[in-house]
Amino acid sequence: MLVERDRVARGATGHNAGQLTTYFERPLSDIADEFGWRLAADAQRHIDEAHDLLDTMVSETGARVPVERFTGYLGMFNRQQLEVHLRCMLVRKRADLPAQTCVVSEEAEFLGELPADFSGLYSVVPQAQVRELLEVDGDSYRAVLSEPAGCSNSSALCRQVLGYLQSKYADRFVYADRTNVERLIVGEDRVVVHAGPHRVTAGHVVLCTNGFVDHVVEDIAGSPIQLAADQQITGRIAYMAAFAEDAPRPPAAISYIRNTTIGGDTPYVYVTRRTYDRSDDTVTLTCMGGPEYPFDEPLYHRDALFPGGLLQALDDEARPFAQPARPPGLPYDFHWHGLMGYNDGGIRVVGAHPRHQRLLYNLGCNGVGFLPSIYGGHRLAQLLAGDHLAASVFDPR
Ligand SMILES: Cc1cc2nc3c(=O)[nH]c(=O)nc-3n(C[C@H](O)[C@H](O)[C@H](O)COP(=O)(O)OP(=O)(O)OC[C@H]3O[C@@H](n4cnc5c(N)ncnc54)[C@H](O)[C@@H]3O)c2cc1C
């Protein structure tokens, strides 16, 4: 049974940019320092494989949503940023994961200072190539990381997959929308779900609530059931704007680091460009995002106001990356916000609670969740089918 407080895909799934990307917002080398390189690399491999899971999902359900695939780029401008990513590439190399490509401008001021350990991980190219890959005019960016990426419409995908499940498995799949779960009581042999006047008794419950935290989860003695401190979820609201262009442009996913030090406060800008079918024509839609703010209220309303100052900030700071030829101050076709789930560990939580095996989680996107949530769903299906899976960085603690 799928219980949804709103309508299908009205959470982050209906408010994202649609980038199919598999990076962790925390450097992979950092994850390797905490969990060891094997577990870090396994996690990366599993998320990378979610590209295939998505394709399986689309083909098995007959979903009609377009999935576009291409190379995604990340722009870096200083030595520290580049070295962090080269260290991540070393983890990938050690584990024999598919290589990413990294190019560094021959004009980069720090080129001669890069440690020898990193040689062979990048190639030196003319600055013009950096500009071309990142679609920028200026010379502030000096290096580019490339990896397979794509984009699609996760909201349309969910609606189409849900329709398929409802017709194919009418005998064993039930969907209840506009049904808010207020409380879960997790016992030894069952979980009782309280949703308004309804009670659902289940063998297992999966929390796939992303950044929404306004429900109570407790054991039969009434004690709260929690995750480890660094896995506990807090919400962040992310803001985006998008514009349509009649001229066809190739799909793209490009991120531009803007912090001098990775992990600093200036949000990176991310641009997602895709084909967009309207009722009477097909255009190019470019979405641009970056600003995110902690959200501490108990309840998030997707219709809450979008502050005008933020739209202005996106127009000032992100538009020059998204489409340098677009003049400032033009109206946007769309602007919106959505709720993401973050934790201090920066890693999605997927699996059963260590002391309450009937309670499972697939939540906490930490910025990137389209493909990771699909991988999480697959891992939970394996666990519920009784498979014994190796330990993972995603395991709830
Ligand atoms: C602005 C923005 C841009 C993003 N861009 C990207 C991107 O380009 N690429 C990418 O990979 N990821 C992106 N993400 C993240 C991505 O959208 C999500 O991680 C992904 O859609 C998976 O979402 P989910 O299913 O985990 O959570 P959600 O889609 O948020 O689903 C959680 C659901 O749980 C329901 N729910 C919560 N509490 C209750 C309750 N008590 N009772 C009943 N129902 C409840 C909610 O209504 C919601 O429908 C972005 C997110 C945002 C907000």
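Given the structure is predicted, the values throughout are model-derived calculations rather than measurements.

Here we come to empty space enclosed by the protein. One pass over the structure, following the stated rule, counts two cavities of 30 Å³ or more. In this structure, the largest cavity encloses a volume near 100 Å³. What lines the largest cavity is a set of 14 residues, among which Tyr23, Phe24, Cys365, Val368 and Pro372 lie closest to the centre. Broken down by class, the residue content of the lining of the largest cavity amounts to eight nonpolar, four polar and two charged. Reported here for the second largest cavity is a volume of approximately 40 Å³. Lining the second largest cavity are Phe35, Asp230, Gln231, Asn343, Gly345, Ile347, Arg348, Val393 and Arg397.

Moving on to the domain arrangement of the protein. According to the domain assignment, the protein consists of domain 1 (1–67 + 153–233 + 348–397), domain 2 (68–151) and domain 3 (234–342). Summarising the inter-unit geometry, the C-alpha centres of domain 1 and domain 3 are found 25 Å apart. Together domain 1 and domain 3 conceal approximately 1,900 Å² of surface at their shared face, both sides included; 53% is due to carbon and sulfur atoms. When the buried surface of domain 1 facing domain 3 is broken down by residue, His15, Ala17 and Gln19 rank first, second and third, together holding 30% of it. The interface formed by domain 1 and domain 3 includes one salt bridge. There are ten residue pairs in polar contact (both at pLDDT 80 or more) connecting domain 1 and domain 3.

Judged from the five bridges that link them, strand E9 (residues 191–195) and strand E10 (residues 198–202) form a sheet pairing that is antiparallel. Residue pairing in the sheet places Val192 in a bridge with Thr201 of E10. Linking E9 to E10, which pair antiparallel, is a turn of two residues; within it Gly196 sits at a positive phi near 55 degrees.

Okay, the environment of Arg183 next. Topologically, Arg183 is positioned in strand E8 (residues 183–186). Each C-alpha atom of the pair Arg183 and Gly203 lies 16 Å from the other, and the pair is 20 residues apart in sequence. Sequence-distant contacts of Arg183, that is, excluding residues within four places in its chain, are made with Val192, Val193, His194, Val216 and Glu218.

Right, let's talk about the site of the ligand for a bit. In the neighbourhood of the ligand, 32 residues make up the surrounding shell, with Glu4, Ala12, Thr13, Val181 and Phe370 lying closest. Backbone polar atom of Val181 to a nitrogen atom of the ligand: 2.8 Å apart, as the coordinates give it. Elements supplying a minimum of two residues to the shell around the ligand: strand E13 (234–245), strand E17 (334–342) and helix H7 (370–384). For the shell around the ligand, the element with the highest residue contribution is E17, accounting for three residues. Tallied by class, residues from the shell around the ligand come to 14 nonpolar, 15 polar and three charged. There are two domains that each give the shell around the ligand at least three residues, and those are domain 1 (1–67 + 153–233 + 348–397) and domain 3 (234–342).

Conventions adopted
Residues numbered from 1 in each chain as written. Predicted model: local features only at pLDDT ≥ 70, side-chain atom pairs only at ≥ 80, totals over all residues. Heavy atoms only, no water. 1 Å grid on protein atoms, 1.4 Å probe; cavity = no way out; pocket = protein on both sides within 12 Å on 5 of 7 lines; lining within 4 Å. Points joined across faces, edges and corners; volume = space filled by probe spheres on them. Nonpolar A, V, L, I, M, F, W, Y, C, P; charged D, E, K, R; others polar. Domains from an automatic or database assignment. Buried area = accessible area lost by both parts, 1.4 Å probe. Salt bridge = Lys/Arg side-chain N within 4 Å of Asp/Glu carboxyl O. Polar contact = N/O pair within 3.5 Å; in protein donor to acceptor, adjacent residues only side chain to side chain. Pairing = 2+ DSSP bridges. Helix = DSSP H or I, 4+ residues; strand = E, 2+ residues; numbered from the N terminus. Contact = heavy atoms within 4.5 Å. Near = heavy atom within 4 Å.

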